[in-house]
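Residue-level listing of the chains:
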Amino acid sequence: MKLRQLCYVSAAFLALVSAASPKAARAEETVKIDGSSTVFPIAEAVAEEFQLSKRGGVRVTVGISGTGGGFKRFCRGEVDISNASRPILKEEMAACREAGVKYIELPIAFDALTVVVNPKNTWVKSLTIEDLRKIWEPSAQGRITRWNQVRPEWPAAPLVLFGPGADSGTFDYFTEAVNGKSKASRGDFAASEDDNVIVKGIEGNPNALGYFGYAYYFENKERVRAVPIVNSAGQAVMPSLAAVSDGSYEPLSRPLFIYVSEAAAQRAPVRELIEFFLTEGPALAQEVGHVPLPKTAYRLALQHFKDGKLGTVFGGVPEVGVTIDELLVREGKL
Amino acid sequence: MSGTSMTAPYLDPKHVREGLSRRKLLDQVFVIVGLIVMLACLAILAVLFIDLVIDGSERFSWDFFTNFASRRAERAGILAAWVGTSLIMIVTALCAVPVGVAAAIYLEEYAPKNWFTAIIEINVTNLAGVPSIVYGLLALGLFVYQFNLGQSIAAAGLTLALLILPIVIVATREAIRAVPNAIREAAYGLGATRWEVTKDHVLPYSTGGILTGMILGLSRAIGETAPIITIGALSFIAFLPESPFKSEFPFISFGWLDDPFTAMPIQMFNWVSRPDPAFQANAAAAGAILLGMTLLMNGVAIWIRYRFRKKINW
């Protein structure tokens, strides 16, 4: 029994492990991205293609900490780029300011929240925001339980609801857009952080209704049916690439962002990655089921990045139904 | 009081035979029930495994092991994940086993039986039931920020080592207790010191039990997701940690301890929650491979245990 050797080896090993501290040497060529799970597929596709184009010269990592978790790490200076499915909030702005982290806000794609029903549901032709509010507002809990309570001409079938969990940015935006207050929602629906569970639930029940990001509808078109949403102009609009990018699918479409730290943007690999993101990103975003912004928006965003336009144009408050053209001409705040 | 009534019903040979056969029948019934329960457990595992293999069948290929993650399901592989998981398991085993075994030896062979050791014992047992996310949060504060290890393989390995430490300690104590006291007494009788008794007798004889504890611990650690997500495992990573082997002196390197990583359960979780249904096959295939890795690890440990047991001749 070589117990003595074993003891020495493990003692040496433990010492090495505890003495190991992150080396700054390789941090130069690694670009770290973290944040929203909605933005993840785009960031992943960009990272994959960018590394291929650099033939291994640059390393890119992408994590999923959620929009809030991503900003926390971003404002501590741990990551170079933060993926966000909503603009940075006041508290996060303050945290970044305190840590001296300055950032450039870049819109990179649209996400269209899609309201879906079972394909066997023949009665719902379109939904207005008022209909949705009737279904989802907090006071509907336990009260609105049949379809004919929403509109009398609909059948008296039970209304079975599915939606994302309260930690999701999709939930935040939907409740903001429909109920006028972020996170204000009825609680008696089947909530899941995994949108595939919502797809399965709606596929399995002819009386079901639910919502999730466009990408999940895009991949499951034959399993669930999307409902056209009546916009502020009174037209019922189906979520589609065209309707989202021309702005007619509102108010349920929202821009997605990446935030680049100013310090990281000084490094060549980060700069090259962002330029790659804003030029190759549109095609890649579409491939993974997101809606690219209009071409001019990417050109403007790239211009902003090159000029080093700092800060957010939202001032730390969530907004619904803001158009991309509007965003890109506003002044930024840190 | 007559002599014949003394051999009353319970000593009547016929009655005894009846009672005996009834108890034997009960014995048989118990064996069968036990067998059914065990087979049911195995069947559930088998169904799960076969289901994963069928669902993931289209993905099993050499490329699946040698490709990095990708946005295209058919091109996506588990290279970063299985390398990450293997390296984390090495760190976990090398940290948890020596520390756990040492703690158990102390508690069993050295520690005086007083209120202090009683408190330690209760706490060790309780620690085995603490939710893994709590270890993740502790590790995030301690290893990642306090010790400045960052989101690295070292931090993940140490986190999982903490997680399985109580399991290793409890199993090792049981194994040490199973060594007959006569062995210790005989060794003391020949003038051996306490350390010599432990090193030459107690430890070799309890190796089997210690390895069982190690198997249990590592099998739990390999499938853990929550704590390594908490300390910052990545979801997309298309490069490998630095190689542990170098072509120049000293031929071995510890640079990989510092490197960012992903692990099998995280890769699976990521694929399961994807919008594109084609990724479900990847998740199933990765699940089957993770189960395979666990079985392989256990197989090696069982083989070592068998080798050790053969050497014991009391």
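Quantities reported herein were computed from a predicted structural model and do not represent experimental measurements.

## Some thoughts on the overall build of chain B
Moving on, step 1. Helix and strand content of chain B: 11 helices and 1 strand.
Moving on, step 2. Along the chain direction, N to C, the helices and strands of chain B fall in the order α-α-α-α-α-α-α-α-α-β-α-α.
Moving on, step 3. The C-alpha radius of gyration computed for chain B amounts to 26 Å, which surpasses the reference 20 Å derived for 314 residues by more than 25%, pointing to a less compact arrangement than a globule.
Moving on, step 4. Dimensions of chain B along its principal axes, counting C-alpha atoms only, are 95 × 55 × 35 Å.
Moving on, step 5. Burial statistics for chain B: of 314 residues in total, 38% are counted as buried.
Moving on, step 6. For chain B, long-range pairs separated by at least 24 residues make up 76% of all intrachain contacts whose partners lie at least 6 apart in sequence.

## Thoughts on the interface of chain B and chain A
Moving on, step 1. Taken together, the 32 residues of chain B in the interface contact 33 residues of chain A.
Moving on, step 2. Looking at the side of chain B that touches chain A, the elements that each hand over two or more residues are helix H3 (79-110), helix H6 (153-177), helix H8 (194-222) and strand E1 (236-237) of chain B.
Moving on, step 3. Tallying contributions element by element places H3(B) first for the side of chain B that touches chain A, with 4 residues.
Moving on, step 4. Counted by class, the side of chain B that touches chain A contains 21 nonpolar, 7 polar and 4 charged residues.
Moving on, step 5. Two strands pair when backbone bridges link them, and strand E2 (residues 59-62) of chain A and E1(B) are joined in this way by 2 bridges, in the antiparallel orientation. Note that in E1(B) the partner of Val62(A) across the bridge is Phe236(B).

## Describing H8(B)
Moving on, step 1. For H8(B), built from 29 residues, the straight-helix expectation of 42 Å at 1.5 Å per residue is missed by more than 12%, its first-to-last C-alpha distance being only 36 Å.
Moving on, step 2. At Thr207(B), H8(B) shows its maximal bend, which comes to roughly 55°.

## Observations regarding the packing of helix H2 (residues 40-53) of chain A against helix H11 (residues 268-287) of chain A
All names here are of chain A.
Moving on, step 1. Running from N to C, H2 and H11 point in directions that differ by 120°, and their axes come no closer than 9 Å. In terms of orientation, H2 lies oblique with respect to H11. Considering only the axes of H2 and H11, their crossing is right-handed. Contact with H2, carried on its side by Ile42, Ala45, Val46, Glu49 and Phe50, involves Leu273, Phe276, Phe277, Glu280, Gly281, Leu284, Ala285 and Glu287 of H11 and no other residues of that element.
Moving on, step 2. Within the contact of H2 with H11, the residues separate by chemical class into 9 nonpolar, 1 polar and 3 charged.

## A closer look at the domain arrangement of chain B
Moving on, step 1. In terms of domains, chain B is made up of domain 1 (11-56) and domain 2 (60-311).
Moving on, step 2. Its C-alpha centre places domain 1 of chain B at a distance of 34 Å from the equivalent point of domain 2 of chain B.

## Here's the deal with the pairing of strand E4 (residues 103-117) of chain A
Along any regular strand, the residues point their side chains to alternate faces of the sheet.
Residue and element names in this part refer to chain A.
Moving on, step 1. Most of E4 sits out of view: 15 of its 15 residues are buried.
Moving on, step 2. Both E4 and strand E11 (residues 253-261) contribute to a ladder of 9 bridges, which runs antiparallel. In the strand pairing of E11, Leu106 is matched with Ile258.
Moving on, step 3. Note: E4 against strand E7 (residues 208-213), 5 bridges, orientation antiparallel. Note on E7: the bridge partner recorded for Thr114 is Phe212.
Moving on, step 4. In this sheet, strand E8 (residues 225-226) lies alongside E4 in antiparallel orientation, the contact comprising 2 bridges. Paired with Val117 across the bridge in E8 is Arg225.

## Topic: the pairing of E2(A)
All names here are of chain A.
Moving on, step 1. Residue alternation in E2 divides its side chains into two sets, Arg59 and Thr61 and Val60 and Val62, and both sets are buried.
Moving on, step 2. Bridge count for strand E1 (residues 30-35) against E2 is 4 bridges, and the pairing is parallel. Paired with Ile33 across the two strands is Val62, which belongs to E2.

## Some words on the confidence of the model for chain B
Residue and element names in this part refer to chain B.
Moving on, step 1. Confidence in the prediction for chain B averages 87 pLDDT; 95% of positions are at 70 or higher.
Moving on, step 2. By mean pLDDT, the top-scoring element of chain B is H6 (93), and the lowest-scoring one is E1 (86).
Moving on, step 3. For this predicted complex, the interface confidence score (ipTM) comes to 0.75, while the overall pTM stands at 0.80.

## Considerations on helix H11 (residues 278-311) of chain B
Residue and element names in this part refer to chain B.
Moving on, step 1. The end-to-end C-alpha separation of H11 is 51 Å, in line with the 50 Å expected for 34 residues at 1.5 Å each.
Moving on, step 2. Of all the positions in H11, only Phe279, Asn282, Ala283, Ala284, Ala285, Ala286, Gly287, Ala288, Ile289, Leu290 and Ala301 are classed as buried.
Moving on, step 3. Contacts from the buried residues of H11 go to helix H1 (13-56), helix H2 (62-66), H3, H8 and helix H10 (264-272).

## Thoughts on the nonpolar core
Moving on, step 1. If you look at the biggest cluster of nonpolar residues, it comprises 172 residues, and the most contacted ones within it are Ile42(A), Val260(A), Ile164(B), Val168(B) and Ala286(B).
Moving on, step 2. If you tally residues by element for this core, the top one is H6(B), at 18 residues.
Moving on, step 3. With residues near it in sequence (within four places) discarded, Ile42(A) still touches Ile108(A), Ala109(A), Gly281(A), Leu284(A), Ala285(A), Val288(A) and His290(A).

## Topic: unusual backbone geometry
Moving on, step 1. Cis geometry is found at the peptide bond from Glu250(A) to Pro251(A), where omega equals 5°.
Moving on, step 2. As for its position among the elements, Pro251(A) is in the loop between helix H9 (241-245) and E11.
Moving on, step 3. Even without being glycine, Asn148(B) reaches a positive phi, approximately 60°.
Moving on, step 4. Locating Asn148(B) in the fold gives a position in the loop between helix H5 (132-146) and H6.

## With respect to the environment of Pro275(B)
Moving on, step 1. Of note, Pro275(B) is situated in the loop between H10 and H11.
Moving on, step 2. Separated by 139 residues in sequence, Pro275(B) and Gly136(B) have C-alpha atoms that sit 28 Å apart.
Moving on, step 3. Apart from residues lying up to four places away in sequence, Pro275(B) is in contact with Asp195(A), Ala215(A), Tyr216(A), Phe218(A), Glu219(A) and Gly289(A).

## A look at the packing of H1(B) against H11(B)
Residues and elements named next belong to chain B.
Moving on, step 1. Close contact between H1 and H11 brings their axes to 7 Å; oriented N to C, the two are set at 135°. As the angle between them shows, H1 and H11 are arranged oblique. The two elements H1 and H11 meet at a crossing, and its hand is left-handed. Listed contacts from H11 to Phe49, Leu52, Val53, Asp55 and Gly56 of H1 are Gln280, Ala281, Ala284, Ala285, Gly287, Ala288 and Leu291.

## What to know about the environment of Tyr106(B)
Residue and element names in this part refer to chain B.
Moving on, step 1. Within the fold, Tyr106 resides in helix H3.
Moving on, step 2. Judged by the 14 C-beta atoms lying within 10 Å of it, Tyr106 falls in the partly exposed class.
Moving on, step 3. Spatially, the C-alpha atoms of Tyr106 and Arg173 are 9.5 Å apart, while their sequence positions differ by 67 residues.

## What about the confidence of the model for chain A?
All names here are of chain A.
Moving on, step 1. The predicted model of chain A has a mean per-residue pLDDT of 86, with 91% of residues at 70 or higher.
Moving on, step 2. When pLDDT is averaged over each element of chain A, E8 comes out on top at 95 and helix H1 (residues 3-19) at the bottom at 54.
Moving on, step 3. pLDDT under 50 marks residues 17-27. Its contacts with residues more than four places away, or in other chains, come to 17 contacts.

Quick notes on the rules
- Residues numbered from 1 in each chain as written.
- Chains lettered and ligands numbered in written order.
- Predicted model: local features only at pLDDT ≥ 70, side-chain atom pairs only at ≥ 80, totals over all residues.
- Helix = DSSP H or I, 4+ residues; strand = E, 2+ residues; numbered from the N terminus.
- Rg over C-alpha atoms; globule rule 2.2 N^0.38 Å.
- Buried ≥ 20, exposed ≤ 12 C-beta atoms within 10 Å, placed from the backbone.
- Contact = placed C-beta atoms within 7 Å.
- Nonpolar A, V, L, I, M, F, W, Y, C, P; charged D, E, K, R; others polar.
- Pairing = 2+ DSSP bridges.
- Expected span 1.5 Å × (residues − 1).
- Bend = angle between axes of the 7 residues up to and from the residue.
- Axes fitted to C-alpha atoms, helices over the stretch in contact; angles between N-to-C directions.
- Parallel < 35°, antiparallel > 145°, perpendicular 65-115°, else oblique.
- Left-handed = near helix turned anticlockwise from the far one by under 90°.
- Domains from an automatic or database assignment.
- pLDDT = per-residue confidence, 0-100.
- Core = buried A, V, L, I, M, F, W, Y, C linked by C-beta atoms within 7 Å.

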